[in-house]
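# Per-entry structural report
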Amino acid sequence: MNLIIIQTRNGSRRLPNKSVLSICGQPTMLHVVNRLKSVKKAKIVVATSSSEEDDSICNLCQLHNIDYFRGDRLNVFSRFKEIIKKKNPKYVVRITGDCPLIYSKIIPDMFSIIEENNEIDYISNTLKRTFPHGHDIEIFKSQKFLDKKEPSEYDQEHVTPFFYKSEMYRLYSYENKIDLSGYRITLDLLSDYILLDKIIYKYIRSGNNKSVFDIISPQEIVNIIKDDTEIFHLHEKLEKLKS
């Protein structure tokens with residue numbers, strides 16, 4: 001059994017309660033979860049904190065029958081460790097809750113690569129960025145994760161840097177055929193929220209039988225950004241702001 005762990009919380013100073021913000025009428029977290037449901041080889045668990053501010057995340061999980069775990073607010077590494085010990089998966093997919101347009105269609109291919117090459121400990125599409133920011137996916141061997149003792153404070157917060165900041169592990173960089181790393185569809189600021197809402201709304205309005213939870217390819221997203229003047233300028237301002 002494999003596991004997709006979505007780490008999320010509401011305590012962002014830049015954009016409070018972003019996990020439950022409504023994007024095109026649906027909470028951010030449901031965008032992430034529903035786009036990951038297409039992955040048949042893994043079960044989904046939402047990893048949030050025990051803080052009162054994250055009660056709304058758990059309420060949403062209960063309402064939609066989504067498995068969840070509550071743990072330390074700052075030590076996200078410990079949340080992952082407890083979930084992995086409890087669920088005992090072979091491989092773990094790490095997704096962050098600020099990726100509502102996550103492109104889950106590449107996850108089966110990433111699974112195939114790490115499963116067929118036993119020497120690979122960690123595979124990600126962020127080691128060399130070729131996908132838009134907000135399509136971040138990491139997969140790693142759960143036993144290698146459990147073997148990590150005394151994680152640094154940085155690892156406790158960011159979970160996986162120990163894999164790619166040392167030479168102890170075999171890594172695989174999963175890359176897109178076209179470099180789209182200059183595009184940003186992650187949720188960190190209010191401007192990101194407005195951009196994402198406009199992108200999804202534009203997508204839904206572009207044709208029949210299109211749903212708010214459809215998996216939109218990176219190239220489709222880029223085309224929407226390029227073809228709509230308002231969206232293009234909003235994205236351009238965000239890129240300048242974050243550069």
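Scroll up for the structure.
Below is a short write-up of the structure. (Residues numbered from 1 in each chain as written. Predicted model: local features only at pLDDT ≥ 70, side-chain atom pairs only at ≥ 80, totals over all residues. Heavy atoms only, no water.)

### Observations concerning the side chain of T48
Our working rule: Only DSSP runs of H or I reaching four residues or more are called helices, and only runs of E reaching two or more are called strands; each is numbered from the N terminus. Only protein chains enter the accessibility calculation, which uses a 1.4 Å probe; a residue whose area is less than 20% of its type maximum is buried, one above 50% is exposed, and one in between is partly exposed. Distance and chemistry together define a polar contact, namely a pair of N or O atoms within 3.5 Å, with one atom able to donate a hydrogen and the other to accept it when in protein, and with adjacent residues in sequence counting only for side-chain atoms on both sides. The contact rule is simple, with two residues in contact once any of their heavy atoms fall within 4.5 Å.
Here T48 shows up in strand β4 (residues 42-49). A residue is classified by how much of its surface remains accessible, and T48, at 0% relative accessible area, is buried. Within the local environment of T48, its side chain forms a polar contact with the backbone oxygen of T8, the two atoms lying 2.8 Å apart. Beyond its immediate sequence surroundings of up to four residues, T48 is in contact with T8, R9, D54, I57, C58, F69, R70, G71 and R79.

### Details of the sheet that holds strand β7 (residues 122-124)
Two modes of strand pairing occur in sheets, parallel and antiparallel, and in both the strands are linked by backbone hydrogen bonds. Inclusion rule: The pairing criterion is simple: DSSP has to find at least two bridges between the two strands. What counts as an axis is a line fitted to C-alpha atoms, over the stretch in contact for a helix, and the angles between N-to-C directions run from 0 to 180 degrees.
Strands sit in the order β5-β4-β1-β6-β8-β7-β9 across an open sheet of 7 strands; the sheet is mixed. At either margin of the open sheet sits one strand with a lone partner, and together these are β5 (68-71) and β9 (171-173). The average undirected angle you get between the axes of adjacent strands in this sheet is 20°. Relative to β5, β4 runs parallel, the two being bridged by 4 bridges.

### Observations concerning the environment of N59
Structurally, the position occupied by N59 is in helix α2 (residues 55-63). Residues N59 and F163, spaced 104 residues apart in sequence, show a C-alpha to C-alpha distance of 33 Å.

### A word on the packing of helix α8 (residues 190-205) against helix α9 (residues 218-227)
Put simply, the test is: Angles below 35 degrees are treated as roughly parallel, those above 145 as roughly antiparallel, those between 65 and 115 as roughly perpendicular, and all remaining angles as oblique. When residues are grouped by polarity, Ala, Val, Leu, Ile, Met, Phe, Trp, Tyr, Cys and Pro land in nonpolar, Asp, Glu, Lys and Arg in charged, and all others, Gly among them, in polar.
Axis separation between α8 and α9 bottoms out at 10 Å; the angle between their running directions is 100°. In terms of orientation, α8 and α9 fall into the roughly perpendicular class. When α8 is examined against α9, the residues I199, K202 and Y203 are found in contact with a partner set consisting of E220, I221, I224 and I225. Along the lines of polarity and charge, the residues of the contact of α8 with α9 split into 5 nonpolar, no polar and 2 charged.

### Some remarks on helix α4 (residues 107-116)
Inclusion rule: By definition, the arc is the one covered by directions from the helix axis to the C-beta atoms.
Turning to α4, its buried residues number three or more, namely I107, M110, F111, I113 and I114. Take α4 and look down its axis: the buried residues cluster within an arc of 165°, on one side only.

### Remarks on unusual backbone geometry
Notably, E150 is not glycine yet its phi reads approximately 50°, a positive angle. Note that E150 resides in the loop between α5 (142-146) and α6 (153-158). Positive phi is not limited to glycine here, since V159 has a value of about 75°. Mapped onto the elements, V159 comes out in the loop between α6 and α7 (161-164). Since its relative accessible area comes to 0%, V159 is described here as buried.

### Digging into the environment of D136
Here D136 lies in the loop between β7 and β8 (138-141). For D136, a relative accessible area of 22% translates into the label partly exposed. Through-space distance from the C-alpha of D136 to that of G182 is 14 Å; in sequence the pair is 46 residues apart. Ignoring sequence-local partners within four residues, the contact set of D136 consists of R94, I95, C99, I102, N125, T126 and R129. Polar side-chain contacts of D136 include one of 2.9 Å to the side chain of R129.

Spatial relationships are all this shows, so hold off on functional conclusions.
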